[in-house]
Structures are given as structure tokens and as C-alpha cells.
Amino acid sequence: MKCFPFYQLASCKRGPSLIFAFILSACVTVEKHPIPADSEINRQAIWETHKATLQTLDSWKLKGRVAGKSNNEGFRAGVHWEQVQQNFVIDLHGPLGRKVAVITGKPGNVQLKTSKGERFIADGTEELMHELFGYTLPVNGLRYWLLGVPDPKQTHVLLKLDDKGRLLQLDQAGWLIDYKRYHENTPELPALIQISNSNLNANIKIDHWQLN
């Protein structure tokens, strides 16, 4: 606030009320507008911290559901996924909770066992699923996408963040991954994901996470 010197006003002989009014009118208020923080910089900083935390998670379990369509054929299953470093076990369940198949994998070896006792073996999950079902789910990338981070072994075409610095959309390895909802826990992990490419569109709903 900038004011005229008081001694200049004190010399006025028209009474104290006029002096007081003159003081008010003579004072000029200088407003200070705070410089807004750069939201993009803040969002990026939060994301880097969030990503670093998630990338340390190499052992976890989830319980959820997957539903989608490939070549005009729909599919739906309950999913129990357990990841322990490079190894995983994926249990697939039917509508009534009956186990349909179990996929177990480690580097260089993937096996699928059906509820009828049939067993199939392949070098990778994508090859195995394509041979059996005619479509593939990118299990190797999904290991990271489910957590809400890109696959660090592959480059990505697009990466968008939401206002909280979480992954909103990712384009990687020919797949578009949209994050529709997150669990409000610490760390914040995805609750609903949509993945799609030219052949398949699927929604993955994650009801429960367990971090080891």
C-alpha cells in the first residue's frame, strides 16, 4: 500500500474528518497476485514419484473380472492373478465361480491346464492363447499395465496423466490402455482398465489388490 506523507495532510486546516477522508483517498492499494504453480510440472513430478513406487512392486495378487470381444465373439471370466517377480499364476473362473483354466508362467515356459485336465505348453503366453483361443492378451505388458505403469522394456507412443499425476492413457506395443478408475488406497492402483487393439477390446475390473 502506497500513501502520501502524513505531514502533507497534517497541514490541512479543514478539520480532522477531512484529513481522514483524504488519507483514505490518497492511499493506493497495490494488489499482489500469486504466481500460479505450473500444474503440468507438478503433475509430472507426482507421476515420477508414483511410478518409482509402483515399479518396486514385483510381488502382488489381484482379484477381478475381464470381459471383452474379439472377432465378434464375446468372452467373460473371473481372474485371480498372482505375480512373484518373473513368475505368475493366472486362475480363470466361469460365471458361477467354477475354475476354467490355470495359466502358469516363467521366462521361456508357459503352461495352460484346463478344468478337464488338458495341458498345453508354449514358449510365451501370447503364442499359447492365440493358438487356443484365436486372440491374445498381452500378459507380459499387462503385468505392468495392471499396476498403472508402462512396460519398462518397451517404448510407448503416448502417455497421458490425470490431474492427480496418475496414468490416464497409454499407447504401447500396439495396445491402447485407458484407466477409467483407481482405488483410493496407498499406493493408488487401478480399479477399471480398458485395453484394445485392432482385434480385441476388453475391460478389466479389479476388485481387490494384495501387495506382498
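This text goes with the structure placed above it.
Summarised in this report is the structure supplied together with it. Every value quoted in this text rests on a predicted model; they were computed, and no experiment measured them.

## Regarding the packing of aromatic side chains
Scanning the entire structure with this criterion turns up four aromatic pairs. Ring centres of tryptophan 60 and tryptophan 209 lie 5.4 Å apart, and the angle between their planes is 65°; on these two criteria the pair is classed as edge-to-face. With tryptophan 60 in strand β1 (residues 59-70) and tryptophan 209 in strand β11 (residues 200-211), this pair connects stretches of sequence that are 149 residues apart. Tryptophan 209 carries the same exposure label as tryptophan 60, and that label is buried. Here the aromatic residues Trp60, Trp81, Phe88 and Trp209 are joined through ring pairs into a cluster of three or more.

## Let's talk about the pattern of salt bridges
On inspection of all chains with the given rule, the structure shows 10 salt bridges. For arginine 43, the salt bridge goes to glutamate 40, with nearest N and O atoms at 2.6 Å. Of the two residues, arginine 43 and glutamate 40 are both situated in helix α3 (residues 39-55); the distance of three residues between them amounts to about one turn of the helix. Using a relative accessible area of 15% as the deciding quantity, one classes arginine 43 as buried. Since its relative accessible area comes to 42%, glutamate 40 is described here as partly exposed. Close ionic contact of glutamate 184 with arginine 166 constitutes a salt bridge, the shortest N to O distance being 3.7 Å. One end of the pair, glutamate 184, is in the loop between β9 (175-182) and β10 (190-196); the other, arginine 166, is in the loop between β7 (156-161) and β8 (167-172), with 18 residues separating them in the sequence.

## A word on helix α4 (residues 125-133)
Along α4, the positions that sit buried rather than exposed are Thr125, Leu128 and Met129. Taken around the axis of α4, the buried residues stretch over an arc of 95°, which confines them to a single face. Looking at the buried side of α4, the elements it contacts are β3 (87-93), β5 (109-114), β6 (119-122) and α5 (139-145). Glycine 134 lies just past α4 and shows a positive phi near 85°.

## Some remarks on unusual backbone geometry
A cis amide bond links threonine 186 to the next residue, proline 187, at an omega of -5°. Residue position: proline 187 is located in the loop between β9 and β10. Although it is not a glycine, asparagine 72 adopts a positive phi angle of roughly 65°. Since its relative accessible area comes to 72%, asparagine 72 is described here as exposed. Here the phi dihedral of alanine 173 falls at roughly 55°; this positive angle occurs in a residue that is not glycine. Overall, alanine 173 belongs to the partly exposed group, its relative accessible area being 42%.

Cut-offs and rules
Residues numbered from 1 in each chain as written. Predicted model: local features only at pLDDT ≥ 70, side-chain atom pairs only at ≥ 80, totals over all residues. Heavy atoms only, no water. Phe/Tyr/Trp six-rings, centres within 6.5 Å; stacked < 30°, edge-to-face > 60°. Helix = DSSP H or I, 4+ residues; strand = E, 2+ residues; numbered from the N terminus. Buried < 20%, exposed > 50% of the residue type's maximum accessible area, 1.4 Å probe, protein only. Salt bridge = Lys/Arg side-chain N within 4 Å of Asp/Glu carboxyl O. Arc of directions from axis to C-beta. Contact = heavy atoms within 4.5 Å.

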